[in-house]
Number of protein chains: 2
Amino acid sequence: MALENITQNKVFGGWHKQYLHDSEVLNCRMQFAIYLPPQAAPSAPVPVLYWLSGLTCTDQNFMQKSGAFRMAAKLGLAIVAMDTSPRGEDVADDDGYDLGQGAGFYLNATEFPWSRHYQMYDYVTQELPNLIQQHFPVSSVRSISGHSMGGHGALTIGLKNPTLYRSISAFSPITHPTQCPWGQKAFAAYLGSDRTTWLQYDTCELIKRVDKHVPVLVDQGESDDFLEEQLKPDSLVAVSAPEKGELNVRLQPGYDHSYFFIASFIDEHLQFHAKHMTE
Amino acid sequence: MALENITQNKVFGGWHKQYLHDSEVLNCRMQFAIYLPPQAAPSAPVPVLYWLSGLTCTDQNFMQKSGAFRMAAKLGLAIVAMDTSPRGEDVADDDGYDLGQGAGFYLNATEFPWSRHYQMYDYVTQELPNLIQQHFPVSSVRSISGHSMGGHGALTIGLKNPTLYRSISAFSPITHPTQCPWGQKAFAAYLGSDRTTWLQYDTCELIKRVDKHVPVLVDQGESDDFLEEQLKPDSLVAVSAPEKGELNVRLQPGYDHSYFFIASFIDEHLQFHAKHMTE
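Calculation notes
Each chain has its residues counted from 1, following the order in which its sequence is written. In the order they appear in the text, chains get letters beginning with A and ligands get numbers beginning with 1. Whole-chain, interface and lining totals are the exception, using all residues; otherwise, since this is a predicted model, local features are given only for residues with pLDDT of at least 70 and side-chain atom pairs are given and counted only at 80 or more. Side-chain descriptors were evaluated using all non-hydrogen atoms of the structure, hydrogens and water having been removed beforehand. UniProt positions are given in the numbering used here, feature names are shortened, and annotations may be inferred rather than shown by experiment. Helix and strand assignments follow DSSP, with helices taken as H or I runs no shorter than four residues and strands as E runs no shorter than two, numbered in order from the N terminus. Remark: exposure states derive from per-residue accessible area (1.4 Å probe, protein chains only) relative to the maximum for the residue type, with buried under 20%, exposed over 50%, and partly exposed in between. Pairs of N or O atoms are called polar contacts if they sit within 3.5 Å, as long as, within protein, a hydrogen donor faces a hydrogen acceptor (for residues adjacent in sequence, only side-chain-to-side-chain pairs). Working rule for contacts: check all heavy atoms of both residues, and any pair within 4.5 Å makes them a contact. Summed over both partners, buried area is the accessible surface (1.4 Å probe) that two parts give up on being assembled. Any residue that is not Ala, Val, Leu, Ile, Met, Phe, Trp, Tyr, Cys, Pro, Asp, Glu, Lys or Arg is counted as polar, Gly included; the first ten are nonpolar and the last four charged.

- As annotated in an unreviewed UniProt entry, chain A carries the name S-formylglutathione hydrolase and comes from Echinimonas agarilytica.
- Among the UniProt annotations of chain A, the heading Sequence similarities (unreviewed entry) holds the following wording: "Belongs to the esterase D family."
- A UniProt comment under Catalytic activity (unreviewed entry) is attached to chain A, and it reads "S-formylglutathione + H2O = formate + glutathione + H(+)".

Right under this line is the structure:
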């Protein structure tokens, strides 16, 4: 599949690059960004961290605001950041910021009019990684992380695919989408009224069902405006079971929902993933 | 003078905060941002780095994209980032991105219609630092840095005020504005047709005239699209004289004009300033 390179910037000795491509799964043109650390070479493929952003974001929020490249260059990790939904004039949308374009929720929609394009689960787990491995000097070793809606995406995708990802982390994730307004609105639209179909995309439900999971690190700011109504870290703590795997939920006093919070702890997340990707 | 706090975010244990205030010098409402490291306290005032941004920027470009807070927190430095010009409906403007609002060039305009508001030199050197010292736990120890048009600002202001600033640094600065299109357009508008008045705001001219200057660090990407026509680092190297003070101009292969470049070297700039501010 052809990739169109649209930008490239040297950063911390490596390269940030943006690409466009035709997505078969999403049935539209898509944009993503990759950071390749200085170590990446065809003779020395590097592991990849997939980053899933939150509501309204594109591939650029993380790349421009997280301050992640210094540590990624030090550890020799590639980072891929994708868009948060299919995009385009013929892609179904909604007036709300929390449904439609910019709000794909990293699931496969089954309902009209969403199902034609909104297949982000397959895009994240299959199409995009295949493309990345085909075109860049990266290994098959992957981990996954994200923020807010993207934290929900990282947790659900990582829990459902323990053979594809070595570790999972999340900042301020929507942990229990079947029980919060953002999740209920999106799941009703994308998945329909049968709530049993929703459970496959709910972290708190998934973690109850799995016997084992890869290591998980979650950071949540205690001054996050969305904490109690939307994010519900307590629900995640309540279903954790040490015998199933490491699940470290950290509450960080004073921090909010912004990229200033992510920047403050991204180094620790990258070190956590690097440890598990090089084991 | 009253400050109106509009945002605050905890980051790396310190605080990023934005404020609005009425500027007497600029004759309009102005916005700035400050980073206060965790060490800052009334009993332990910290030194301040003033950051001047480039064309079209606000107080937020540096704060969101530079990745500076990790090192600032480690070193115990406050950082102040201001807007790049006066702003508002009754403030003179131009259709170009390189003149008027967003393009103040850190000088005092003498010509109609600009002189009523465009007094950025006085704002940066007097009004804003006085306000900062009055309202925040900072010491009188200051250094100055900036990017592109803001690199020009940092260099000219620092060279003209060696008792106010301990050190100067710049990324991709406009070094010789009287000899490049950006500078010639802005200086003709703000300062008029008598080119002798322009020389007081031209780094290459100033550095020839001073006997001594505080230490200067400049980083310039070799793949910067504006290198030859607008920035002219060779002109700065040509007028440097080691006996006047440290002037380190570094060319960085592969780097461009973006914040990805700034992020890659900001730690070294902060360490350079911290060394001179704590001597």
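## Digging into the side chain of Asn108 of chain A
All names here are of chain A.
Moving on, step 1. The topology assignment puts Asn108 in the loop between strand 5 (78–82) and helix 3 (120–135).
Moving on, step 2. Overall, the relative accessible area of 15% leaves Asn108 in the buried class.
Moving on, step 3. Polar side-chain contacts of Asn108 include one of 3.5 Å to the backbone nitrogen of Tyr121.
Moving on, step 4. One polar contact links Asn108 to Asp122, side chain to side chain, over a distance of 3.1 Å.

## Side note on the UniProt feature "active site" (unreviewed entry) in chain A
Residues and elements named next belong to chain A.
Moving on, step 1. Following the UniProt record, one finds the feature "active site" (unreviewed entry) at Ser148, Asp224 and His257. Of the residues just listed, which span 110 residues, no C-alpha pair is farther apart than 10.8 Å, and they cluster in one region.
Moving on, step 2. Tracing the backbone shows Asp224 in the loop between strand 8 (216–221) and helix 7 (227–231).
Moving on, step 3. Residue class for Asp224 comes out buried when judged on its relative accessible area of 5%.
Moving on, step 4. Here His257 is in contact with His147, Ser148, Ser172, Asp224, Phe226 and Leu231, once residues within four sequence places are set aside.

## Remarks on the interface of chain B and chain A
Moving on, step 1. Listed as interface residues are 24 residues of chain B and, on the opposing side, 24 residues of chain A.
Moving on, step 2. Carbon and sulfur atoms supply 54% of the area buried between chain B and chain A, which totals about 1,800 Å² over both sides.
Moving on, step 3. Contact with chain A buries surface across chain B, with Lys10, Gln64 and Phe260 of chain B losing the most and accounting together for 36% of the total.
Moving on, step 4. The interface formed by chain B and chain A contains 10 residue pairs in polar contact (both at pLDDT 80 or more).
Moving on, step 5. Elements supplying a minimum of two residues to the side of chain B that touches chain A: strand 1 (4–11), strand 2 (14–23), helix 1 (60–65), helix 2 (69–75) and helix 9 (259–277) of chain B.
Moving on, step 6. Broken down by element, the residue count for the side of chain B that touches chain A peaks at five residues, all from helix 9 of chain B.
Moving on, step 7. Class assignment for the residues of the side of chain B that touches chain A results in 10 nonpolar, nine polar and five charged.

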